[in-house]
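Structural overview
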Amino acid sequence: QVQSVESGGGLVQPGGSLRPSCAASERTFSNYAVGWLRHAPGKEREFVAGLAWAGSTYYANSVKGRFAIYRDNAKNTVYLQMNSLKPEDTAVYYCNADEKIANVRAMTPNYWGQGTQVTVSS
């Protein structure tokens, strides 16, 4: 079981940046594929970014070039650097993990964080 604690969401103006993080409390993230997905009110859940344990990264077209997923194994933490934020990026962002990157990309991972709210508004 991977328990995680998310932080780093908040309110930011369009064009600003945020860096949500997800810290694992028990097992290490380094043995798992990890990712982020988001869910906005009235919209379907959306895959945002994924990072395979070997290092390959995957992004939704809507965030490519603006967001970056990476991990710090020493801190057992996964990050999502979000730049050039837009109002349509407003959502609850969920960290997740699975033994397989395919499950992360399909939004069917075994392990989920509790979510952190990101609001982009002027």
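Structure: see above.
All of the points below concern the structure found in this document. (Residues numbered from 1 in each chain as written. Predicted model: local features only at pLDDT ≥ 70, side-chain atom pairs only at ≥ 80, totals over all residues. Heavy atoms only, no water.)

**Let's talk about the state of the cysteines**
- Within this structure, the stated rule accounts for one disulfide.
- Paired through a disulfide, Cys22 and Cys95 show a sulfur-sulfur distance of 2.2 Å. Taking the sign of the S-S torsion, about -80° here, the bridge from Cys22 to Cys95 comes out left-handed. Of the two residues, Cys22 sits in strand 3 (residues 21-24) while Cys95 sits in strand 9 (residues 91-98), which places them 73 residues apart along the sequence.
- Overall, the relative accessible area of 0% leaves Cys22 in the buried class.
- A relative accessible area of 1% places Cys95 in the buried class. (Disulfide = S-S within 2.5 Å. Helix = DSSP H or I, 4+ residues; strand = E, 2+ residues; numbered from the N terminus. Buried < 20%, exposed > 50% of the residue type's maximum accessible area, 1.4 Å probe, protein only.)

**Comments concerning the sheet that holds strand 3**
- Pairing in this open sheet of four strands is antiparallel, and the strands run 1-3-8-7 from one edge to the other. Both edges of this open sheet fall to strand 1 (4-7) and strand 7 (67-72), since each of them pairs with a single strand only. The mean inter-strand angle of the sheet, taken between neighbouring strand axes irrespective of direction, is 15°.
- Pairing between strand 1 and strand 3: four bridges, direction antiparallel. Across the sheet, residue Ser4 finds its bridge partner in strand 3, namely Ala24. (Pairing = 2+ DSSP bridges. Axes fitted to C-alpha atoms, helices over the stretch in contact; angles between N-to-C directions.)

**A closer look at the environment of Tyr58**
- With respect to the secondary-structure elements, Tyr58 resides in strand 6 (residues 57-59).
- Residue Tyr58 is classed as partly exposed on the basis of its relative accessible area of 23%.
- A C-alpha to C-alpha distance of 8.7 Å links Tyr58 and Ile69, two positions 11 residues apart in sequence.
- Not counting residues within four places of it along the chain, the set of residues in contact with Tyr58 comprises Phe47, Val48, Ala49, Gly50, Ile101 and Arg105. (Contact = heavy atoms within 4.5 Å.)

**A few points about the side chain of Thr77**
- Of note, Thr77 is situated in strand 8 (residues 77-82).
- Contact partners of Thr77, with chain neighbours within four places excluded, come to Ser21, Cys22, Ala23, Phe29, Tyr70, Arg71 and Asp72.

**Brief notes about the environment of Pro20**
- Residue placement: Pro20 occurs in the loop between strand 2 (10-12) and strand 3.
- Residue Pro20 is classed as buried on the basis of its relative accessible area of 0%.
- Taking the C-alpha atoms as reference, Pro20 lies 9.4 Å from Gln117; in sequence the two are 97 residues apart.
- Residues contacting Pro20, with those up to four places away along its chain left out, are Ser7, Gly8, Trp36, Val78, Tyr79, Leu80, Met82, Thr116 and Val118.

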